[in-house]
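# Geometric and topological summary
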Amino acid sequence: MKIGVLALQGDFREHRISLEKLGADVTEVRLPQQLQDLSGLILPGGESTTIGKLLIAYELMDAVRVFGQTKAVWGTCAGAILMAKSVGANQPLLELMDITVQRNAFGRQIDSFEINLPVPFLTPPEPDYHLTFIRGPIISEVYGNAQPLLSLPDGRIIAAQQGKLLATSFHPELTDDLRFHSYFLELAKSASVN
Ligand code: GLN
């Protein structure tokens, strides 16, 4: 299966490595025509304002919006911000998902942290998943067609899904645990059937 990783800025190489370990055929996407034949696209972590500006500069903003109407798209951290309809500030967004995010929501002192949590929808569901947050966003509102997928013990939402669209506040690409990437490949597989 051919999966793209948006490669304008951020930790796209780590996503590429995770996907290749699972046997996917990975394309680094920097041009609109590179979206052709892909079953899914990952938007990496990085700096969402920068990636948004580059999406416009590389004429990828509308192309990725159209891609996301029928194909699987997963945003991690900065990528999750780009998936949102609103971030409460003026920055370019793909606006693909019915979610609102709050950037850098964990404050300066603890803007990076790690936590082990059970993630029952992964295959296999055990053991707990090691979640890595690096100045990550909180998904502050989930409405319309989007569903909350995972929350911290205090109830703050850190993952949401809308059909084959996925947003996570954390970075599965920075662990050796491939279960989130497998989850996304399953979404991409079902999307390519439609
Ligand atoms: N704080 C970054 C932003 O707002 C996201 C950080 C990340 O992707 N690790 O874009």
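Thresholds, definitions, all that
- Sequence order as written defines residue numbering, which begins from 1 separately in each chain.
- Totals for whole chains, interfaces and linings use every residue, but because this is a predicted model, local features are given only for residues with pLDDT of at least 70 and side-chain atom pairs only at 80 or more, for both listing and counting.
- Here the side-chain values reflect all heavy atoms present in the structure, with hydrogen atoms and water set aside.
- The helix and strand labels rest on DSSP assignments: H or I over at least four residues marks a helix, E over at least two residues marks a strand, and numbering proceeds from the N terminus.
- Each radius of gyration reported is based on C-alpha atoms, and the globular scaling rule is 2.2 Å times the count of residues to the power 0.38.
- Summary of the burial criterion: residues with accessible area below 20% of their type's maximum are buried, those above 50% are exposed, and those between are partly exposed, where the area comes from a 1.4 Å probe applied to protein chains only.
- The contact criterion used is simple: two residues touch if any of their non-hydrogen atoms lie within 4.5 Å.
- Every accessible area reported is derived by Shrake-Rupley at a probe size of 1.4 Å, with residue values counting cover from the shown protein chains alone.
- By the counting rule applied here, Lys and Arg register as positive and Asp and Glu as negative, while His and the ends of each chain are not counted.
- To locate a charge, take NZ of a lysine, CZ of an arginine, CG of an aspartate or CD of a glutamate.
- Salt bridges are identified by distance alone: a Lys or Arg side-chain nitrogen within 4 Å of an Asp or Glu carboxyl oxygen.
- Distances are taken per atom, and a residue is near a molecule or strand as soon as one of its heavy atoms is within 4 Å of it.
- Two N or O atoms count as a polar contact when they lie within 3.5 Å, although within protein this holds only if one can serve as hydrogen donor and the other as acceptor, and sequence-adjacent residues are included solely when both atoms are side-chain atoms.
- Buried and open spaces are told apart on a 1 Å grid over the protein atoms alone, a cavity being a set of points where a 1.4 Å probe fits but cannot get out and a pocket being an open set with protein on both sides within 12 Å along at least five of seven lines. Residues with an atom within 4 Å of a point are the lining residues.
- Pocket or cavity membership: a molecule qualifies when more than half of its atoms sit within 2 Å of the grid points of that site.
- As used here, the term nonpolar core means buried Ala, Val, Leu, Ile, Met, Phe, Trp, Tyr and Cys residues forming a set that is joined through side-chain atoms within 4.5 Å.
- Comment: arc refers to directions from the helix axis out to C-beta atoms.
- Two strands qualify as a pair provided that DSSP identifies no fewer than 2 bridges between them.
- By convention, orient the strands away from the viewer: a clockwise path from the first strand over the helix to the second makes the crossover right-handed.

On to the overall build of the chain. Each helix and strand counted, the chain has five helices and twelve strands in total. In summary, the chain has a C-alpha radius of gyration of 15 Å against a globular reference of 16 Å for 194 residues, a match within 12%. Its C-alpha atoms put the chain at 40 × 40 × 30 Å along the principal axes. Here the chain, with 194 residues, has 53% of them falling under the buried criterion. Of all intrachain contacts in the chain linking residues separated by at least 6 positions in sequence, the fraction that spans at least 24 positions is 65%. When the accessible area of the chain is evaluated, it comes to approximately 8,600 Å², of which 50% is carbon and sulfur surface. For the chain, the separation between the mean place of its 16 positive charges and that of its 21 negative charges on side chains is 4 Å.

Per the counting criterion, the structure on display carries nine salt bridges. Two residues, D62 and R65, come together in a salt bridge whose shortest N-O distance is 3.0 Å. Taken together, the positions of D62 and R65, both in helix α3 (residues 61–70) and three residues apart, correspond to about one turn of that helix.

We now examine the environment of Q102. Within the secondary structure, Q102 is located in strand β6 (residues 97–102). When the C-alpha positions of Q102 and A89 are compared, they lie 9.3 Å apart, and in sequence the two are 13 residues distant. When residues no more than four places from it in sequence are discounted, the contact partners of Q102 are P137, I138 and S140.

It is worth spelling out the site of the ligand at this point. G45, G46, E47, S48, C77, A78, I81, R103, N104, I134, R135 and H171 make up every residue found near the ligand. At 2.9 Å from an oxygen atom of the ligand is found a main-chain nitrogen or oxygen belonging to G46. Between the ligand and A78 there is a distance of 3.0 Å, counted from an oxygen atom to a backbone nitrogen or oxygen. More than half of the atoms of the ligand fall within 2 Å of the grid points belonging to the largest pocket.

Here we take up the side chain of R179. Looking at the element boundaries, R179 is found in helix α5 (residues 179–193). Side-chain polar atoms of R179 contact the backbone oxygen of E126, separated by 3.4 Å. Those residues within four positions of R179 in sequence are excluded, and the remaining contacts are L122, T123, P124, P125, E126, P127, D128 and Y129.

Counting residues in hydrophobic clusters, the biggest one holds 33 residues, and the most contacted among them are L6, L35, L43, L55, L60, L94 and I99. Within the residue set of this core, elements represented by two or more residues are β3 (40–43), α2 (48–57), α3, α4 (78–83), β6, β11 (157–162) and β12 (165–168). Take this core: its biggest share by element is five residues, from α4. If near-sequence neighbours (up to four positions away) are discounted, L60 is found in contact with L6, L8, V29, R30, L31, P32, L35 and L55. Within the second largest apolar cluster, 31 residues are counted, among which are I42, F180, Y183 and F184.

With that settled, consider α3. Along α3, the residues that are buried comprise M61, V64, F67 and G68. Buried residues of α3, seen end-on, are gathered within an arc of 125 degrees and therefore sit on one face of the element. Relative to its buried face, α3 has exposed residues pointing more than 90 degrees away, namely D62, V66 and Q69. Looking at the buried residues of α3, the elements they touch are β3, α2, β4 (72–76) and β12.

The next point concerns the pairing of strand β2 (residues 25–29). Burial within β2 is extensive, with four of its five residues counted as buried. In terms of strand pairing, strand β1 (residues 2–6) meets β2 through five bridges, oriented parallel. Pairing of G4 across the sheet is with T27, part of β2. Once the chain exits β1 it traverses helix α1 (residues 12–21) before rejoining the sheet at β2, and the crossover so formed is right-handed.

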